[in-house]
Amino acid sequence: MSKQTTVLKSPPVEAPKSLEQLSESEIERKAVIGRVTTHTLKYLTSKFVDRGFQWLLPVALSQCTDPLWPDPGASIEKRIEVDIYGKTVRTTASMIIHKLIASSTAYPKLFILSPNIRIEKAERAHTGKHVYEFTQLDFEAREATSKDIMNLVEDLLCGLVASVKRDLKDELIHLSRYDTLKVPKAPFKTYDKQELEAEYGADWETSVVMENGAPVWVTNIPREFYDFEDFKTGKWDNYDLFLPQYGEVMSGAKREWEYEKILAKIERDKINKDNYSLVLKLAEQGKLKPCAGAGIGMERIVGWLTGVKHIAETQPFPRIPGIVHEL
Ligand code: ATP
Ligand code: ASP
Ligand code: MG
């Protein structure tokens, strides 16, 4: 979760229609986008499996989920909590804490197609980048460094775009995206968020995204306690990936694993310690291992590949903030 938001200074995007409201040509377009989604899922999951990552199934209800805090750009209207068997559980905002514990124990390298529920404020209906239910391809690797993860993601993204252009040429032409979608070249440029803020002010995201014709990394982003912060330098060892003319598609980090630091950060952030008692306990027992990972927003990456105006167009059943359909 980043401190900045992806609400770019662009005109409001119209909310897409639901499945049963589509005309025949719109249904054909929906099917074409579906083929790009299928290709993307197949490509990315097979690459993770090939590289020795285990594919875990997601969870929907837990006592502990991503605090999504601190985040001045946060736009969560409501958090869903429900009592089951005498305990309060929350719908998954992200599986970050599950990943840290899974990677430290039985699954050193793992990934999950994880449904995330974030009841974004209704005004986000028109950013074109927010839905209230989405899927992250969330992955984590024990002992990995930020550089390892950034290299892996660069390989995946370059390979994915090349394969979509090769295998789904007709689909991209149908979507008028074949000529504008360029295969990126690694390594991508890396920017430091503090330096960007010094140069461009609070609006750095628009500047970086609009000025670069290629994907870029932004590092050193102060945010949730689980991302690694060097207490001596104040620098954060984390990274967001921004796609050209588009915006953020992935957030990740090297993680904290030491008890004292995690505790100090949870207290500093004034979040409820009781919700993170297991991760604190494991850290205190030395059972939390250093790891690094990230989460790729599937609707956003498919939205970028297909060039749709609103990422809800990539969803069979759109989850547009403020709009609740029967399906
Ligand atoms: P933003 O600042 O764009 O609202 P975020 O930084 O709060 O997003 P993260 O917590 O970093 O989001 O989530 C990891 C990834 O999940 C993001 O990089 C993005 O691809 C995706 N994502 C986050 N929120 C949404 C949303 N509401 N709709 C669709 N995808 C999302
Ligand atoms: N998936 C993100 C990560 O791995 C966390 C998040 O969704 O906020 O850092
Ligand atoms: Mg983010």
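Residues numbered from 1 in each chain as written. Chains lettered and ligands numbered in written order. Predicted model: local features only at pLDDT ≥ 70, side-chain atom pairs only at ≥ 80, totals over all residues. Heavy atoms only, no water.

For the magnesium ion (ligand 3), every protein donor is listed as Glu 248 (OE) and Ser 251 (OG), and the spread of their distances is 2.1 to 2.2 Å. Take Glu 248 and Ser 251: they sit in the same class, and that class is buried. (Donors = N, O, S within 2.8 Å, 3.2 Å for Na, K, Ca; no water. Buried < 20%, exposed > 50% of the residue type's maximum accessible area, 1.4 Å probe, protein only.)

Let us look at the confidence of the model for the protein. Considering every residue of the protein, the mean pLDDT works out to 95; 97% of them sit at 70 or more. Counted against residues more than four places away or in other chains, residues 1-8, with its pLDDT under 50, gives 40 contacts. (pLDDT = per-residue confidence, 0-100. Contact = heavy atoms within 4.5 Å.)

Going through the model one piece at a time under the given rule, you end up with 21 salt bridges. The salt bridge partner of Arg 255 is Glu 140, with a shortest N-O separation of 2.8 Å. Here Arg 255, found in the loop between strand 12 (247-254) and helix 7 (259-268), pairs with Glu 140, found in strand 8 (residues 133-142); they are 115 residues apart in sequence, far enough to count as distant. With respect to class, Arg 255 is no different from Glu 140; both count as buried. With a closest N to O distance of 3.9 Å, Lys 265 and Glu 229 form a salt bridge. Of the two residues, Lys 265 sits in helix 7 while Glu 229 sits in the loop between strand 10 (216-219) and strand 11 (238-243), which places them 36 residues apart along the sequence. Glu 229 matches Lys 265 in its accessibility class, with the two residues each being buried. Several salt bridges share partner residues, and in doing so they unite Lys 99, Asp 138, Glu 140, Arg 223, Asp 227, Asp 240 and Arg 255 into one network. (Salt bridge = Lys/Arg side-chain N within 4 Å of Asp/Glu carboxyl O. Helix = DSSP H or I, 4+ residues; strand = E, 2+ residues; numbered from the N terminus.)

Here we take up unusual backbone geometry. Going from Trp 69 to Pro 70, the amide bond is cis rather than trans, its omega being 5°. Counting through the fold element by element, Pro 70 comes out in the loop between strand 2 (61-62) and strand 3 (76-78). A positive phi angle is found at Tyr 85, which is not glycine, with a value near 50°. Inspection of the secondary structure puts Tyr 85 in the loop between strand 4 (81-84) and strand 5 (87-91). You can call Tyr 85 exposed: its relative accessible area is 81%.

This part covers empty space enclosed by the protein. Summed over the entire model, instances satisfying the criterion amount to three cavities of 30 Å³ or more. The calculated volume of the second largest cavity comes to roughly 70 Å³. Lining the second largest cavity are Leu 44, Val 153, Leu 156, Leu 157, Leu 160, Leu 241, Val 249, Met 250, Ile 296 and Ile 301. At the level of elements, helix 3 (146-167) and strand 12 are the ones that each hand at least two residues to the lining of the second largest cavity. Among the elements that take part in the lining of the second largest cavity, helix 3 stands out by supplying four residues, more than any other. Residue classes in the lining of the second largest cavity are distributed as ten nonpolar, no polar and no charged. (1 Å grid on protein atoms, 1.4 Å probe; cavity = no way out; pocket = protein on both sides within 12 Å on 5 of 7 lines; lining within 4 Å. Points joined across faces, edges and corners; volume = space filled by probe spheres on them. Nonpolar A, V, L, I, M, F, W, Y, C, P; charged D, E, K, R; others polar.)

In terms of burial, helix 2 (residues 96-104) is a largely internal element, eight of the nine residues being buried. Of all the positions in helix 2, only Ile 96, Ile 97, Lys 99, Leu 100, Ile 101, Ala 102, Ser 103 and Ser 104 are classed as buried.

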